[in-house]
Amino acid sequence: MHVHNLSSWQHSHHFQSGLEASAERRTKIVVALTIAMMVAEIAAGTIFNSMALLADGWHMSTHAGALGIAAFAYAFARSHADDQRFTFGTGKVGTLGGFTSAIILCMVALLMVWESANRLMTVQAIAFDEALMVAVIGLVVNVVSAGILGGHGLGDDHDHCGHHHDHDHHRDHHDHNLQAAYIHVLADVLTSVLAIAALMLGKYLGWWWMDPMMGLVGAAVIGKWAWGLLRKTGSVLLDHSDDRELPEEVRAAIEGDADNRLSDLHLWQIGPGHWGAIVSLVTRTPREPGHYKTLLAEVHELSHVTVEVHPCDGASCC
């Protein structure tokens, strides 16, 4: 007889960090601030003929675009969280948004290199005083934006890249896409400082070429950040991982019980701090899948586990 209530065997596919609502609100605030400052800097850079200001303005536009995509990703993931068409939920939507932002950043970096290189060919007349005033305001806006995004569960996660699997730490609720946006805001702060330095050198030492040179430096900052984001998000989207410790933890949990041997293993990230696993094992003393899921409960990163058990009673098991 089939049971009519399957709730005991079903589970949610909401694989998010749990802080998306707060992150979405803060992201929208920073987007508004950034767009306002972006328009001011691009306009001022055009009027006062400052490539450093234009570079910072375009850099802020990429920042606004990236955060705008992130805000959209939060909203999309939230509204489609229960959509059964997403096999493992919408935990990767933010990653897709980050990947898209990185492509846009690469394109803008190339445009900045082109414009800066052209301006280095000809002596430029720059309205230094006016440009400096706008650049200082831009720096203040960037610092305020960093304050809004930072200090909200984004820090203290530096060991992630080192693959340290302290369970309580690794099963965190950090939004790595917002964390990347925070790092990008810090890059905006650096670019603003470079713009101010270039304008000061141009004004007091006559080094006009430092202005377009800072445009090249700004492009390099954007390009480096974009490439790192492309690699990180691309790996998640392609279910690729360089993590060597997580598979070993799964193997130790399974093979530490009875005579179990792990015959096949698939691990992939399904959301911030959440991993899926398909585990295939061979044993002389097979038990129900729930037993092996209990063994894997100590591997806190695993949020969706499928277990395949192969009884072994032949000569091949010797």
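Below: a short report on this structure. Not measured: the values here are computed from a predicted model. For every chain, the first residue of the written sequence is number 1, and numbering continues from 1 along that sequence. In keeping with the model being predicted, local features are shown solely for residues with a pLDDT of at least 70 and side-chain atom pairs are shown and tallied solely at 80 or more, while totals for entire chains, interfaces and linings include all residues. Calculated side-chain values reflect all of the structure's heavy atoms, with hydrogen atoms and water omitted.

1. Overview of the overall build of the protein
Helix and strand assignments follow DSSP, with helices taken as H or I runs no shorter than four residues and strands as E runs no shorter than two, numbered in order from the N terminus. If you tally the helices and strands in the protein, you get nine helices and three strands. For the protein, the N- to C-terminal ordering of α and β elements is α-α-α-α-α-α-α-α-β-β-α-β. Each residue's exposure class comes from its accessible area (1.4 Å probe, protein chains only) as a fraction of the maximum for that residue type: buried when under 20%, exposed when over 50%, partly exposed otherwise. Relative to its 318 residues, the protein shows a buried fraction of 47%. Residue exposure ignores everything except the shown protein chains as possible cover, and the areas themselves are Shrake-Rupley values with a 1.4 Å probe. When the accessible surface of the protein is split by element, carbon and sulfur atoms take 64% of a total near 16400 Å².

2. Quick word on the side chain of threonine 34
Looking at the secondary structure, you find threonine 34 in helix H1 (residues 20-48). A contact between two residues is defined here by any heavy atoms of the two lying within 4.5 Å. Look past the residues within four positions of threonine 34 in its chain and what remains in contact with it is Met60, His63, Ala64 and Ser145.

3. Describing the pairing of strand E1 (residues 261-271)
Two strands pair under a simple rule: DSSP has to find at least two bridges between them. The pairing of E1 with strand E2 (residues 274-283) spans nine bridges and is classified as antiparallel. What sits directly across from arginine 261, in E2, is valine 282. Between E1 and the antiparallel strand that follows it, E2, lie two residues; glycine 273 among them carries a positive phi value of about 80°.

4. Quick look at the sheet that holds E1
An order of E1-E2-E3 is seen for the three strands of this open sheet, with the pairing classed as mixed. Looking at the sheet topology across the chains shown, the edges are occupied by E1 and strand E3 (302-311). Averaged over all pairs of adjacent strands, the angle between their axes in this sheet comes to 10°, without regard to strand direction. Relative to E3, E2 runs parallel, the two being bridged by nine bridges. Of the residues in E3, the one forming a bridge with valine 279 is valine 307. Sheet strands in contact with helix H8 (residues 245-255) are E1, E2 and E3, and its direction is about 135° off that of E1. Each axis is a line fitted through C-alpha atoms, and for a helix only the stretch in contact is used; angles between axes span 0 to 180 degrees, taken between their N-to-C directions.

5. Side note on the pairing of E2
A regular strand places its side chains so that they alternate between the two faces of the sheet. Where burial is concerned, most of E2 is hidden: eight out of the 10 residues are buried. Following the chain from E2 across helix H9 (residues 289-295) to the adjacent parallel E3, one finds a crossover that is right-handed. Crossovers are marked right-handed if the path from the first strand over the helix to the second runs clockwise, as seen with the strands pointing away from the viewer.

6. Section: unusual backbone geometry
In this model, aspartate 239 sits at a positive phi of 55°, which is unusual for a non-glycine residue. Along the chain, the position of aspartate 239 falls in the loop between helix H7 (210-237) and H8. Overall, the relative accessible area of 40% leaves aspartate 239 in the partly exposed class. In this model, alanine 258 sits at a positive phi of 50°, which is unusual for a non-glycine residue. Examined against the element boundaries, alanine 258 turns out to sit in the loop between H8 and E1. We classify alanine 258 as exposed; its relative accessible area is 58%.

7. Observations regarding the packing of aromatic side chains
Between rings of Phe, Tyr and Trp, where Trp is taken as its six-membered ring, a pair exists when centres lie within 6.5 Å; planes separated by under 30 degrees are stacked, by over 60 edge-to-face, and by other angles tilted. On inspection of all chains with the given rule, the structure shows one aromatic pair. Seen from their ring centres, phenylalanine 72 and phenylalanine 76 are 6.1 Å apart, and the 35° between their planes marks the pair as tilted. Taken as a pair, phenylalanine 72 and phenylalanine 76 lie in helix H2 (residues 51-79) at a separation of four residues, close to a single helical turn. Given the relative accessible area of 26%, phenylalanine 76 is considered partly exposed.

8. With respect to the pattern of salt bridges
When a carboxyl oxygen of Asp or Glu is within 4 Å of a side-chain nitrogen of Lys or Arg, the pair counts as a salt bridge. Tallied over the full model, the rule gives five salt bridges. A salt bridge links aspartate 239 to lysine 92; the shortest N-O distance between them is 2.6 Å. On the criterion of sequence distance, the pair formed by aspartate 239 in the loop between H7 and H8 and lysine 92 in the loop between H2 and helix H3 (93-120) is long-range, its members being 147 residues apart. Its relative accessible area of 22% is what places lysine 92 among the partly exposed residues. Lysine 203 is the partner of aspartate 129 in a salt bridge, and the nearest nitrogen-oxygen pair spans 2.5 Å. Of this pair, aspartate 129 sits in helix H4 (residues 128-149) while lysine 203 sits in helix H6 (residues 176-205), placing them 74 residues apart in sequence. A network of salt bridges, in which partner residues are shared, links Arg251, Glu255 and Arg261.

9. Notes on a nonpolar patch on the surface
Patch membership needs two things, relative accessible area over 30% and no salt bridge, and members are linked within 9 Å if like-charged or within 5 Å if nonpolar (Val, Leu, Ile, Met, Phe, Trp, Tyr). A surface patch of nonpolar side chains, about 380 Å² in accessible area, is lined by Ile29, Leu33, Val136, Val140 and Val144. Of the residues forming the nonpolar patch, the biggest block, three residues, is contributed by H4. Its location among the elements puts valine 144 in helix H4. In this structure valine 144 comes out as partly exposed when scored by relative accessible area, which is 41%.

10. Things to note about the environment of threonine 122
Summarising the element assignment, threonine 122 is placed in the loop between H3 and H4. Put simply, threonine 122 and tryptophan 209 are 87 residues apart on the chain and 9.0 Å apart in space, counted from C-alpha to C-alpha.

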